[in-house]
Amino acid sequence: MYSIGEGGAGATQPSLIAAGGKEEPSLREEWMEKIGDIRMPRTAMNKLVMNYLVTEGFKDAAVRFQEEAGVSAGQDLGMLDNRINMRDNIQAGKIQEAISLVNQLHPQLLDNDRHLLFHLQQQHLIELIREQKIEEALQYAAENLAERGEEDSAVLQELERTLALLAFDDPASCPFADLLSPGHRQQVASQLNAAILRAEHAESTQSKLAVSLKMLLWAQEELDKKRVRYPHMQLSTGQIEEPK
């Protein structure tokens, strides 16, 4: 058993001074004191970490964690290899290889999920533009994406954003240069990973840790809407800030 303390939460904020001159703890200090009283079994934390590693397809880390923490992965980790290969292909810009592997392992997946298919094809188009293969990019867009754009306004908007990269000698200077970022590749890889988990009838397509963070964000947004003063957590740094 262990407790969650103030480590990594940032420097202690100054206490408030009451009218009588007596120091009163700040809201942040009270919050951190309550968090410090929380007790969470190490086994529960280990299972949470393992669930994240398996769901996201971090096989090597899962194997090491299984050995070091003595927590079971709950499945044959060798089954992660195909998802890992698809993710690695997308992150390396090898979209056609990823699509080929998907069709080989889950032949109906892309036929049934046209939204996912579009994002994979869009990413391939982005990779062609990144490599300055202009004629090939235009031909690919005309043959594979133009018809989809006519059917769906959202698809058309995304296609227009992508093709706008061609209007710049340096696509990185385009207002839609975010499409060229590694983060966009990761977004597509995550979408494919979730779709494969659904196809394999996994218990969940998201890790329990990711779900918990989304719940935290939702709770903070609701409190902000109601203008409730509370110590706000910055997820990018893990710091808990004094309410403004």
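What comes next concerns the included structure. (Residues numbered from 1 in each chain as written. Predicted model: local features only at pLDDT ≥ 70, side-chain atom pairs only at ≥ 80, totals over all residues. Heavy atoms only, no water.)

### With respect to unusual backbone geometry
Glycine aside, the phi torsion of most residues is negative, and most peptide linkages are trans.
Next, step 1: Of note, Q132 is a non-glycine position whose phi angle comes to about 60°, a positive value.
Next, step 2: Position of Q132 relative to the elements: it lies in the loop between α7 (114-130) and α8 (134-144).
Next, step 3: Q132 gets classed as partly exposed once you look at its relative accessible area, which sits at 45%.
Next, step 4: In this structure, R227 takes a positive phi of about 55° despite not being glycine.
Next, step 5: With relative accessibility at 78%, the residue R227 sits in the exposed group. (Helix = DSSP H or I, 4+ residues; strand = E, 2+ residues; numbered from the N terminus. Buried < 20%, exposed > 50% of the residue type's maximum accessible area, 1.4 Å probe, protein only.)

### Observations regarding helix α1 (residues 27-36)
Next, step 1: Here α1 has its buried residues at R28, E29, M32 and I35. Buried positions in α1, seen along its axis, are confined to an arc of 120° and lie on one side of it. Exposed positions of α1 whose direction lies more than 90 degrees from the buried face are E33 and K34. (Arc of directions from axis to C-beta.)

### Focus: the environment of D170
Next, step 1: On the secondary structure map, D170 appears in the loop between α10 (153-163) and α11 (182-199).
Next, step 2: Of the residues examined, D170 reaches a relative accessible area of 44% and is grouped as partly exposed.
Next, step 3: Put simply, D170 and R130 are 40 residues apart on the chain and 9.5 Å apart in space, counted from C-alpha to C-alpha.

### Quick look at a negative patch on the surface
Next, step 1: A cluster of acidic residues, E147, E150, E151 and D152, forms a negative patch on the protein surface.
Next, step 2: Summarising the element assignment, D152 is placed in the loop between α9 (146-151) and α10.
Next, step 3: Judged by relative accessible area, which is 32%, D152 ranks as partly exposed. (Patch = residues over 30% accessible without salt bridge, like charges linked within 9 Å, V, L, I, M, F, W, Y side chains within 5 Å. Areas by Shrake-Rupley, 256 points an atom, 1.4 Å probe, with all protein chains shown as cover. Salt bridge = Lys/Arg side-chain N within 4 Å of Asp/Glu carboxyl O. Lys, Arg positive; Asp, Glu negative; His and termini not counted. Charge placed at Lys NZ, Arg CZ, Asp CG, Glu CD.)

### Observations regarding the pattern of salt bridges
Next, step 1: This model, assessed by the stated rule, comprises 9 salt bridges.
Next, step 2: Salt-bridge contacts for E127 lead to R130; the nearest nitrogen and oxygen are separated by 2.9 Å. With E127 and R130 both in helix α7 and 3 residues apart, the pair spans about one turn of that helix.
Next, step 3: In this structure, the salt-bridge partner of E131 is K133, at a minimum N-O distance of 3.0 Å.

### Comments concerning the packing of helix α4 (residues 81-91) against helix α5 (residues 95-105)
Next, step 1: Where α4 contacts α5, the axes come no closer than 7 Å and their chain directions differ by 155°. When the axes of α4 and α5 are compared, the pair comes out roughly antiparallel. Note on packing geometry: the crossing formed by α4 with α5 is left-handed. Between α4, through N82, N85, M86, N89 and I90, and α5, the contact on the second element is made entirely by I95, E97, A98, L101, V102 and L105.
Next, step 2: Tallied by class, the residues present in the contact of α4 with α5 amount to 7 nonpolar, 3 polar and 1 charged. (Axes fitted to C-alpha atoms, helices over the stretch in contact; angles between N-to-C directions. Parallel < 35°, antiparallel > 145°, perpendicular 65-115°, else oblique. Left-handed = near helix turned anticlockwise from the far one by under 90°. Contact = heavy atoms within 4.5 Å. Nonpolar A, V, L, I, M, F, W, Y, C, P; charged D, E, K, R; others polar.)

### Observations concerning the nonpolar core
Side chains that are nonpolar tend, in soluble globular proteins, to be buried together.
Next, step 1: Judged by nonpolar contacts, the single largest core of 17 residues is most densely connected at I90, L110, L120 and L192.
Next, step 2: Residue assignment for this core shows that the elements contributing at least two residues are α4, α5, α6 (109-112), α7 and α11.
Next, step 3: Residues contacting L110, with those up to four places away along its chain left out, are I99, V102, N103, L116, L117 and L120.
Next, step 4: F118, L128, A137 and A141 belong to the second largest nonpolar core, which has 16 residues in total. (Core = buried A, V, L, I, M, F, W, Y, C linked by side-chain atoms within 4.5 Å.)

### A short note on the packing of α7 against α8
Axis angle and axis distance: for two packed helices, these are the angle between their axes and the distance between the axes, and together they describe the pair.
Next, step 1: For the pair α7 and α8, the least separation of the axes is 9 Å and the interaxial angle reads 165°. It follows that α7 is roughly antiparallel to α8 by the angle criterion. Pair α7 / α8 crosses with left-handed handedness. Note on element contacts: α8 touches α7 through E136, A137, Y140, A141 and N144, opposite Q121, H124, L125, L128 and I129.
Next, step 2: Considering only residue class, the contact of α7 with α8 consists of 6 nonpolar, 3 polar and 1 charged.

### A look at the side chain of H119
Next, step 1: Following the sequence through the fold, H119 ends up in helix α7.
Next, step 2: Classification of H119 as buried rests on a relative accessible area of 15%.

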